[in-house]
Amino acid sequence: MKHLFLFFALLTASQFTKAQVQIPLIPKPVEAVQLGSTFILDQHTQIFGDENTAAIAHYLQAEILKYSAVSLRTGNQGSANYIHLKLTPKVKQPAEAYQLSVLENKIEIKASYPQGLFAGVSSLLQLIRQQNVVKGRISLSGWQIKDHPRYAWRGIMLDESRHFFGKEKVKQLLDWMAFYKLNKFHWHLTDQPGWRIEIKAYPKLTLVGGIGNHTDSLAKAQYYTQEEIKEIVRYAAERYIDVIPEIDMPGHATAANRAYPAFSGGGSPKYPEFTFNPGKEETYAYLSSILQEVDVLFPSQMIHIGADEVHFGNAHWNKDEAVQQLIKKQNFKDLPEVEAYFVKRMADSIKNMNNEVLAWDEIVSGKLSTDKTTVFWWRHDKPEVLKQALQKGFKVVLCPRLPLYFDFVQDSSQVLGRKWSGSFVPVQNVYNFPGAAVTDLPNAGNLIRGMQANLWTEAFVENQQLDYMLFPRMAALAEAAWTNQAGKNYEGFSDRLKKHFRLYSLDGLYFFNPFRPKTSPEWLTPLQRKGLVPNNEAQTKQEKGG
Ligand code: ACM
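It should be emphasised that the depicted structure is a prediction, and the values quoted were computed from it without experimental measurement. Going along each chain's sequence as written, the residues are numbered from 1 onward. With the structure being a predicted model, the display of local features is reserved for residues of pLDDT at least 70 and the display and counting of side-chain atom pairs for 80 or more, all residues being used for whole-chain, interface and lining totals. Hydrogens and water are ignored here; the side-chain numbers use all heavy atoms of the structure.

Let us now look at the overall build of the protein. Scanning the protein from N- to C-terminus turns up 21 helices and 17 strands. Summary of the burial criterion: residues with accessible area below 20% of their type's maximum are buried, those above 50% are exposed, and those between are partly exposed, where the area comes from a 1.4 Å probe applied to protein chains only. Residues counted as buried form 57% of the 546 residues belonging to the protein. Residues are treated as being in contact if the distance between any of their heavy atoms lies within 4.5 Å. Sequence-distant contacts, at least 24 apart, represent 73% of the contacts inside the protein between residues at least 6 apart. About 22900 Å² of surface is accessible on the protein, with carbon and sulfur atoms providing 53% of the total. Residues counted as positive are Lys and Arg, residues counted as negative are Asp and Glu, and His and the chain ends are not counted. Just so you know, the charge point we use is NZ for Lys, CZ for Arg, CG for Asp and CD for Glu. Counting 62 positive and 55 negative side-chain charges, the protein places the centres of these two groups 5 Å from one another. Strands are runs of DSSP state E lasting at least 2 residues, helices are runs of H or I lasting at least 4, and numbering of each runs from the N terminus. Only the protein chains shown count as cover for residues, and all accessible areas are computed by the Shrake-Rupley method using a 1.4 Å probe.

This part covers helix α9 (residues 321–330). For α9, every residue scored as buried is listed here: A322, V323, L326 and I327. Down the axis of α9, the buried set is contained in an arc of 140°. They therefore lie on one face. In α9, the exposed positions that point more than 90 degrees away from the buried face belong to E321, Q325, K328 and K329. Each element contacted by the buried residues of α9 is listed here: α10 (335–352). Positive phi shows up at N331, right after α9, with a value of about 65°. The arc in question is the one traced by the directions running from the helix axis out to the C-beta atoms.

Moving on to the sheet that holds strand β5 (residues 98–102). Whether two strands pair depends on DSSP finding at least two bridges between them. The sheet built from seven strands is open, its strands ordered β1-β7-β5-β6-β4-β2-β3 with mixed pairing. Whereas interior strands pair on both sides, the edge strands pair on one side only; in this sheet they are β1 (31–41) and β3 (73–75). Strand-to-strand twist of the sheet, defined as the mean angle between neighbouring strand axes without regard to direction, takes the value 20°. Relative to strand β6 (residues 106–111), strand β4 (residues 82–87) is paired through six bridges, and the arrangement is parallel. The residue of β6 that forms the bridge with K86 is K110. To obtain each axis, a line is fitted to C-alpha atoms, and for helices this fit is confined to the stretch in contact; angles are then taken between N-to-C directions over 0 to 180 degrees. Each of β1, β4, β5, β6 and β7 (138–147) is contacted by helix α3 (residues 114–129), which is oriented at about 35° to β5, the strand it contacts most.

Across a sheet, strands are paired by hydrogen bonds formed along the backbone, either parallel or antiparallel in direction. The strand order around the closed barrel built from eight strands is β8-β9-β10-β13-β14-β15-β16-β17, with neighbouring strands paired in parallel fashion. On average, each strand axis in the sheet is inclined to that of its neighbour by 30°, with strand direction left out of account. In terms of strand pairing, strand β15 (residues 373–377) meets strand β16 (residues 395–398) through four bridges, oriented parallel. For T374, the partnering residue across the bridge sits in β16 and is K395. The strands touched by α10 within the sheet are β10 (242–249), β13 (302–306), β14 (356–360) and β15, with β14 carrying the most contacts at an inclination of about 145°.

All right, on to the environment of N354 then. Note on placement: N354 falls in the loop between α10 and β14. The class of N354 is exposed, set by a relative accessible area of 52%. Between the C-alpha atoms of N354 and K372, which are 18 residues apart in sequence, the distance is 9.2 Å. Beyond its immediate sequence surroundings of up to four residues, N354 is in contact with Q301 and K372.

Below you can see the structure in the form of structure tokens.
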């Protein structure tokens, strides 16, 4: 009798869990209620709205055609079966809040702001792309969804100085960011190996500074022309993604210094010609005119000035005549004071261009005021720097190496990528971030703008290698940044994630499967055969110290 009872209890429990169908969306929305109805999407389905929603309607139409080969009409007459995009009166809520109802004969997406409408469209597209198209028809289960993000900043940083991937790869990245509701693309365009953004006033920055990359110092110049930058910024804007350029200074300036040595502040034996010269007035005019061109290209009105790791290569400042004069004139006691002076002047210049200043966390110990300034906390081994940034009142974007540097391996079996004293970045660690150690800090609630993953590319040459580091961790990042802590559940996420692998394959992505990690060498073998995968030892050394 006891056994029989247990049997029925288990049966009921398992049926109950089965009945709890998860909404097949990443990131998981705040609220999703299944309705039991079905919507049939086919060529008769009309997308309608008004002139304010036309661009988003067109995006939805194009994406459905591209991925599902169903051609929908846009218009405003309505029809028996339609998708209605509706901007509602503005109320106080996050700009990306939306409601999506998939009913029997209509789908309705409502939001107060276009960003919200776009987020709703992203959700709908995810539902559509996971369904099979049968004779030109797609069946969608009925859902009532209410949603808004946890964090406003949900980003990916790509380093194209170390290796250059080009605009088609960047567009594909932007497509997947839109798919996952990631909304900030931080573009690391200048560093030691190469300068990748055309500056009309200083053409040698790309013609000379664009030559070479991390593995081949003689590789032909690779860079984005201003026309190409505009094209990518436009492409991102259609997906409600802000593009933030990073022009790294005063360190990591080696490529620029190859082109215009007059502005070099020299380097150190290990990092020659690493810095701009903070002692020369001309340097400030030079960099400001570069940033003026940058400002015009990027409507995000945000410029990232790096400002990281200056001490790696500023030894020459101790001997440089101009720097020594500055030290004397300003009564500085050490090189960090010179660095802080330089960063403050450039930050002021950026603020004068009506841009926000973004920088790595080294600026926390500098002289910047907190207005229009955001700190990117990257040194996971220095939690005190995050604490100090919040204490001083800086806005913060979280991107600690562990677990948000995507150039770190994601499984112990993985050959390509970095480790930190044996630690690495499994998808689950990305998912679980940020923990209470971060969110319980004083001021965390109002000063943390969000989080982003950084993909440095010392070790990555090929598109497939890039994919492998991004997928599927990008999905975990998206849910960690969007979904409230209470809604997060790794098991549920894993079930939803598995269904995305088919979409990755359809898009030609070369991804890691964390649920079958032993199969990963199978993915890497072709690259190893081509000799593109450095051996484990070499890659796990923390060669750039960063
Ligand atoms: C960094 O990794 N140097 C920001």
